[in-house]
Each structure stands twice: as C-alpha cells, then as structure tokens.
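Here is what each chain is made of, one letter per residue.
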Amino acid sequence: MHWLFIGAGNMASSLVGGLLGAHERPQHIAVVDPDQAVCQRAESAFGIHSATTVDAAISMLFSKNDPNRQLGVVIAVKPHIVQTVCKSLSEYMQNTVAEGDRGVKPVFISVAAGVRESSMKAWLPAGSALVRCMPNTPALLGLGVTALYANAQCSVEDKSLAETLLDSAGLTLWVEHESALDAVTAVSGSGPAYFFYLIEHMIDAGVSLGLTRDSAQTLAIETAFGAASMARHRQHTPAELRENVTSRGGTTAAALQTFDDHETAKIIHRALMAAHDRAIELGDKLSN
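Before going into details, it helps to say that this report is about the structure given with it.

On to unusual backbone geometry. A positive phi is found at H23, a non-glycine position, where the angle reads about 75°. Mapping H23 onto the fold places it in the loop between α1 (10–21) and β2 (29–32). Its identity is not glycine, yet R234 carries a phi of approximately 60°, on the positive side. When you line up the elements, R234 lands in the loop between α9 (213–232) and α10 (238–245).

Strand order in the open sheet formed by eight strands is β3-β2-β1-β4-β5-β6-β7-β8, and the pairing between neighbours is mixed. Each end of this open sheet is capped by a strand with a single partner; those strands are β3 (49–51) and β8 (170–174). Neighbour-to-neighbour, the strand axes of this sheet turn through a mean angle of 25°, independent of strand direction. Sheet topology places strand β1 (residues 2–6) next to strand β4 (residues 70–75); five bridges connect them, and they run parallel. Looking across to β4, one finds that I6 is bridged to I75. Helix-sheet contacts for helix α6 (residues 156–167) involve β1, β4, β5 (105–110), β6 (129–134), β7 (144–150) and β8, and the interaxial angle to β8 is about 150°.

Within this model, the second largest pocket holds a volume of roughly 680 Å³. Lining the second largest pocket are 27 residues, and of these I6, G7, A76, V77 and K78 sit closest to its centre. If you list the elements that add at least two residues to the lining of the second largest pocket, you get α1 and α4 (82–98). The class makeup of the residues in the lining of the second largest pocket is 17 nonpolar, eight polar and two charged.

This next bit is on the pairing of β7. The element β7 is largely enclosed, with a buried count of six among its seven residues. Where β6 and β7 come together, four bridges link them in antiparallel fashion. When the bridges of β7 are listed, C133 appears paired with L148. With five bridges joining them, β7 and β8 adopt parallel strand pairing. Looking at the pairing, G144 lines up with G170 of β8. Assessed by its sense of winding, the connection that carries the chain from β7 through α6 to β8 is right-handed.

Turning our attention to the environment of L141. Assignment of secondary structure puts L141 in the loop between β6 and β7. Overall, the relative accessible area of 70% leaves L141 in the exposed class. Each C-alpha atom, one on L141 and one on A169, is 7.2 Å from the other, the two residues being 28 residues apart in sequence.

Looking now at the packing of aromatic side chains. Enumeration according to the criterion identifies zero aromatic pairs in this entry. Lying over the aromatic face of W174, K159 brings its terminal NZ or CZ to 4.7 Å of the ring centre.

The next thing to look at is the packing of helix α7 (residues 180–189) against helix α8 (residues 191–208). Contact geometry of α7 with α8 gives a least axis separation of 5 Å together with a crossing angle of 30°. Taken together, the axes of α7 and α8 are roughly parallel relative to one another. In contact with A186, V187, S188 and G189 of α7, α8 contributes G191, P192 and Y194. Class assignment for the residues of the contact of α7 with α8 results in four nonpolar, three polar and no charged.

This paragraph deals with the pairing of β5. Strand direction decides the pairing type here: β4 and β5, joined by six bridges, are parallel. Looking across to β5, one finds that L71 is bridged to P106. One ladder, built from four bridges, connects β5 with β6; its direction is parallel. Counterpart to V107 in the pairing with β6 is A129. Traced from β5 through helix α5 (residues 117–123) to β6, the parallel crossover comes out right-handed.

Parameters and conventions
- Residues numbered from 1 in each chain as written.
- Predicted model: local features only at pLDDT ≥ 70, side-chain atom pairs only at ≥ 80, totals over all residues.
- Heavy atoms only, no water.
- Helix = DSSP H or I, 4+ residues; strand = E, 2+ residues; numbered from the N terminus.
- Pairing = 2+ DSSP bridges.
- Axes fitted to C-alpha atoms, helices over the stretch in contact; angles between N-to-C directions.
- Contact = heavy atoms within 4.5 Å.
- 1 Å grid on protein atoms, 1.4 Å probe; cavity = no way out; pocket = protein on both sides within 12 Å on 5 of 7 lines; lining within 4 Å.
- Points joined across faces, edges and corners; volume = space filled by probe spheres on them.
- Nonpolar A, V, L, I, M, F, W, Y, C, P; charged D, E, K, R; others polar.
- Buried < 20%, exposed > 50% of the residue type's maximum accessible area, 1.4 Å probe, protein only.
- Right-handed = clockwise from strand over helix to strand, strands pointing away.
- Phe/Tyr/Trp six-rings, centres within 6.5 Å; stacked < 30°, edge-to-face > 60°.
- Lys NZ or Arg CZ within 6 Å of the ring centre and 35° of its normal.
- Parallel < 35°, antiparallel > 145°, perpendicular 65-115°, else oblique.

All quantities given are derived from atomic positions and should not be read as evidence of function.
Dropping the structure here:
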C-alpha cells in the first residue's frame, strides 16, 4: 500500500509515525504541504517523501509501470482548506486519465473535522471511496479513540485500510450513520478538554488548600491517569468504581454531594449538547 498525506501537521505526523511503527516502508509514504520547510521537517523526521504539489508526490511514490497503484489519500488539513484540496486532487486524477495514464486507485480518508461526505463527494472524482474519521488529540501519543464512517462506495478492503491507519493512533470504532460523528465530536473529539479543565481546577483547588503547585499537579494528573486506567479495564462500570471509592459519610461523599447540589450531571449533559449542536452548525457552514 502507498500513502499520500495532504498536510503535515500534528495529526498527520502521528499517523505517519504509526504506519512506520507498524513496519510500513518509508518509501511508500509521501506528504504534501505548500510550505517547503514543513516538507523538509517531515522528510528529515521520518525518511519519507515530501513535495509541495500532489503530482510531484505521487510521482515519487509510483512509477508509470508500477503494477500496484493502490493509494490511501489522507486529507489532514484545516476544514476550510478541504474544498481546495479535494478539487486539486480531482483535477490531478482527471488529467492523468486524459493523458493515458492508468492512474491510481485512491481511497480518501479525511480527518478534517466537520466537512461532510456529501460536500467532499461533490468535490472529489465521481464514485470516490471516502472514509470520514473523528480522532482526538491523545492520538498524538497513540492513545486516541477514533470513530469512522464509510460512504457507500467503500469496499470491505477500503474500510480495513482506513481502520489499519487509525489503529496506529489508538482505538477505533465504526458508526453506521454520518450524523453520529457530531455526537462523537461532543464526547471524544472535544472530550480531552473537559478532563483537562477538571485537572486544571483540581490543581488550583489543591494549591488553595496549601499544596505546592508541583505537588497538586502531580496528584491531580496521576489520579486522572489511574482512574481512567481502572475504568478502561471494564471490570466495573464507572458508576460501580465511583461507589467503591465512596464511603457513607466520608470525604468522597462530601465532595460528590457538592457536585449533586450544584447539578453537575445536568451541567455535563448541557455542555455536551452544546458541543453537539455546535458541531452540526459548523458542518452546515462548511457545507455551504
């Protein structure tokens, strides 16, 4: 398999690193970015091809007589640039066919948030296989979780290809309907920020209680890591784990009662609904 990354930001870099960690050959990977310095950094860091244009990058990946012209095209740019990128890819592929080249067989994999399949389908070559992905920032450490949606043109092999790529960044799961990605955005896409917010204010509270900031930071971060690790084992539900820590009339019960008194559960529900609604709004805007 050959891989073409459009964009060389943090997410693209984490996925390239994941592919190399899974023993993909560097010569089978190329990155495209209009910034020559960015290209050189990617080439130096990973030993892969880099170019400032799509045609130059594909020429590096394939020879005209290459019998294996399967290509995974990873669209990893800011959402407002996706239309330009897709139209550029479409133009390139139409030109290669017009020139008598057999062309490549691309599977498009988008990690650009909010840009819907219906819009990308209109910008890409007709009948394109497209997988939309919603990763989150822990993917940079290989600890992410990514939801994937495949359009009707994707084969089982296309889906497997996308899953293999995103598995390198953490866990993956498939959703049947594209609209579910808006809920995924609210829960896991934006989710890391919610936990960072809690950690941030646990640190501040610890300092106000007399701890040094370094001590409070260590205690809050390691507690979050340990609690998430216990939940990840799935031996008990989060509710059961919470109950196991909470003694009647104890310190934990006092803290949790404060959360309940201020209707924290309702606040969390309202916050995720706001993120969900905003994801829909942004999707509508990007589709216009």
